[in-house]
Protein chains: 2
Amino acid sequence: MAAKGGSQGKRPQWPTGPLLSMQETGSEPALSIERIVATAVELLDAEGVGGLKMRRLADRLGAGAMSLYWHVDNKEQVFDLALDSVLEYRGTPQSIEAGDWRGAIFHMLEDWRASMLRHPWSASLLPRRALGPNILGRLELLGRVLSRAGVEEADLNGAIWSLWNYVMGATITRANFNLSDEDMLAGQQRLAHLSAQYPTIERARLLLDNDWDGVFRKGLGLLLDGLVPSR
Amino acid sequence: MAAKGGSQGKRPQWPTGPLLSMQETGSEPALSIERIVATAVELLDAEGVGGLKMRRLADRLGAGAMSLYWHVDNKEQVFDLALDSVLEYRGTPQSIEAGDWRGAIFHMLEDWRASMLRHPWSASLLPRRALGPNILGRLELLGRVLSRAGVEEADLNGAIWSLWNYVMGATITRANFNLSDEDMLAGQQRLAHLSAQYPTIERARLLLDNDWDGVFRKGLGLLLDGLVPSR
DNA sequence: ACCTGAACACCGTTCAAGT
DNA sequence: ACCTGAACACCGTTCAAGT
């Protein structure tokens, strides 16, 4: 609550510089938000959401167990910062200029999904956490392109959220199913035993053999076709 | 790992009878999976995912602290059972018979979303947990109606997952934003300060005043129009 | 300004023991 | 068969203290 050390509010103060650009010198460099966040991402990638523990994070940084709390308010803030750091977008150079709004949106949203799948913990985390600058930047870009493509001001929020919903749902589902392929197999085998109760999805082998990328693109295309007026 | 007490596998054994139908007699009735799950749902509704603690759950059941572990393998199983218990679907009486496949799908998916929003903890939980019988039942129904509506066998899984993705994304987002309206307000106010960086979404007031139900229905309609061939 | 270890108040779960 | 309390191995976080 009270101002203490490096951060003065409830909300994280987003670092301004680029992350993940630390030199590993011989002896450990000094602690910093950047190093903490970069190492937290490493730890999350390696062990998942449950694997991020403050003591282990400090260990990996070569720091004393409780040193982190000078740089960071609490564990929640580490999550917020790690999440946003993974969602930077450097893109849409030519397509947006060429007036190819469909290509620009597809590129940004596919990149968004790909970024989250590279860090599977991030997808489930995103909807529950604060919206950092990289997330807001993507939303801003999305809104700008949609608007330029002809979406009315009154329909803009609805269009943005529809796309958000679809991308989040697809990515969260994919990230979690991906984490446990053997679970899906087990599920499908359990289904086979119950094929009397679930004949349709059993026959379609719903829990197996899915072309996730293709499904994602197709649904996204349908949404875009409906949301943006054809001219 | 080894069989112990009431449950013999890693996966939860889903109870067969209806849940939530316990009589509160004068003295506490005996412990049972049904009572445990029903009370877990109460606790989750009242305090959220973080509020479910094994000791508190036992307390609320008037049982000794560790009695639960005879009926349940671990906390994870409590989550699995609570989740599925909340997703029962008794519906589609007339519309599916009348051949109104669009109405049947809309009804089932809107009910799905409504059920999860009545228990906001359930939405974020669902993609990470095992698919219980109630969830599988909804997927089966969805597949059956889509198939009857003319979706090719080869397109069936894609259609089911597209709809799943959209419903999950919309519900998870809504459930989490709902939980912290003041966060959205704070976010929008923070945005106002940064309107130079995010002019489009600031002007559209993206983080405020959203007609969530309308947005959900519209996007769902667009997806259905695209996924099911018109005849 | 920056880091540290000891200590506190929790957790989930195990286990030997009760009825 | 069903329940119990004590105990273990953790957690996040606070705090007084160091440099």
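Chain A has the name TetR family transcriptional regulator in an unreviewed UniProt entry, where Rhizobium esperanzae is given as its organism. Under Function (unreviewed entry), UniProt gives the following word-for-word description of chain A: "TetR is the repressor of the tetracycline resistance element; its N-terminal region forms a helix-turn-helix structure and binds DNA. Binding of tetracycline to TetR reduces the repressor affinity for the tetracycline resistance gene (tetA) promoter operator sites."

Glycine aside, negative phi is the norm for most residues, and most peptide bonds take the trans geometry. Residue and element names in this part refer to chain A. A positive phi angle is found at Arg205, which is not glycine, with a value near 55°. In this fold, Arg205 is placed in the loop between α10 (199-203) and α11 (212-227). Residue class for Arg205 comes out partly exposed when judged on its relative accessible area of 40%.

It is worth spelling out the nonpolar core at this point. Grouped together as the largest cluster of nonpolar side chains are 150 residues, with contacts concentrated most on Trp112(A), Leu146(A), Trp112(B) and Leu146(B). With sequence-adjacent residues up to four places away left out, Trp112(B) is seen in contact with Leu87(B), Leu126(B), Ile135(B), Arg138(B), Leu139(B), Trp164(B) and Met168(B).

A few words on the protein's contact with DNA strand D. The local shell around DNA strand D holds 17 residues, among which Arg55(A), Lys75(A), Gly64(B), Ser67(B) and His71(B) are the closest. When atoms of DNA strand D within 4 Å of the protein are sorted by moiety, sugar and phosphate together comprise 50%. Only α2 (54-60) of chain A together with α3 (68-71) of chain B provide two or more residues apiece to the surface near DNA strand D. Residues belonging to the surface near DNA strand D are distributed by class as follows: nine nonpolar, four polar and four charged.

Bringing the protein's contact with DNA strand C into the picture now. In the vicinity of DNA strand C there are 17 residues, among which Gly64(A), Ser67(A), His71(A), Arg55(B) and Lys75(B) approach most closely. When the atoms of DNA strand C within 4 Å of the protein are sorted by group, sugar and phosphate make up 50%. A distance of 2.5 Å is found between a phosphate oxygen of DNA strand C and a side-chain nitrogen or oxygen belonging to His71(A). A distance of 2.7 Å separates a phosphate oxygen of DNA strand C from a polar atom in the side chain of Lys75(B). Of all elements in the fold, only α3 (68-71) of chain A together with α2 (54-60) of chain B reach the threshold of two or more residues within the surface near DNA strand C. Looking at the surface near DNA strand C residue by residue, the classes come out as nine nonpolar, four polar and four charged.

Once that is clear, we can look at the UniProt feature "DNA-binding region" (unreviewed entry) in chain A. With numbering matched to this structure, UniProt assigns "DNA-binding region" (unreviewed entry) to residues 53-72 of chain A. In residues 53-72 of chain A, the share of helix is 55% and the share of strand is 0%. The end C-alpha atoms are 14 Å apart.

After a rotation of 180° and a shift along the axis of 0.0 Å, chain A superposes on chain B with an RMSD of 0.0 Å. A rotation of that kind, with that shift, is consistent with a two-fold axis. Closest approach to the rotation axis among the C-alpha atoms of chain A is made by Gly169(A), whose C-alpha sits 1.8 Å away. An overlap of 100% is found between the interface residues of chain A and their copies at the interface of chain B, pointing to a shared contact surface.

Turning our eyes to something else, we now look at the UniProt feature "domain: HTH tetR-type" (unreviewed entry) in chain A. Sequence positions flagged by UniProt for "domain: HTH tetR-type" (unreviewed entry) are, in local numbering, residues 30-90 of chain A. Across residues 30-90 of chain A, the secondary structure splits into 61% helix and 0% strand, with the terminal C-alpha atoms separated by 29 Å.

Take the interface of chain A and chain B next. Counting from both sides, the interface comprises 52 residues of chain A and, opposite them, 52 residues of chain B. Between chain A and chain B the total buried area reaches about 4,700 Å² when both faces are included, carbon and sulfur atoms providing 63% of it. For the interface between chain A and chain B, the tally reads two salt bridges. Close ionic contact of Glu153(A) with Arg203(B) constitutes a salt bridge, the shortest N to O distance being 3.3 Å. Among the secondary structure elements, those contributing two or more residues to the side of chain A that touches chain B are α7 (133-148), α8 (153-179), α9 (181-193), α10 and α11 of chain A. The greatest single-element share of the side of chain A that touches chain B, amounting to 17 residues, is contributed by α8(A). Broken down by class, the residue content of the side of chain A that touches chain B amounts to 27 nonpolar, 14 polar and 11 charged.

Procedures and definitions
- Residues numbered from 1 in each chain as written.
- Chains lettered and ligands numbered in written order.
- Predicted model: local features only at pLDDT ≥ 70, side-chain atom pairs only at ≥ 80, totals over all residues.
- Heavy atoms only, no water.
- UniProt positions renumbered as here; feature names shortened; annotations may be inferred.
- Helix = DSSP H or I, 4+ residues; strand = E, 2+ residues; numbered from the N terminus.
- Buried < 20%, exposed > 50% of the residue type's maximum accessible area, 1.4 Å probe, protein only.
- Core = buried A, V, L, I, M, F, W, Y, C linked by side-chain atoms within 4.5 Å.
- Contact = heavy atoms within 4.5 Å.
- Near = heavy atom within 4 Å.
- Nonpolar A, V, L, I, M, F, W, Y, C, P; charged D, E, K, R; others polar.
- Polar contact = N/O pair within 3.5 Å; in protein donor to acceptor, adjacent residues only side chain to side chain.
- Least-squares fit on C-alpha atoms with pLDDT ≥ 70 in both.
- Buried area = accessible area lost by both parts, 1.4 Å probe.
- Salt bridge = Lys/Arg side-chain N within 4 Å of Asp/Glu carboxyl O.

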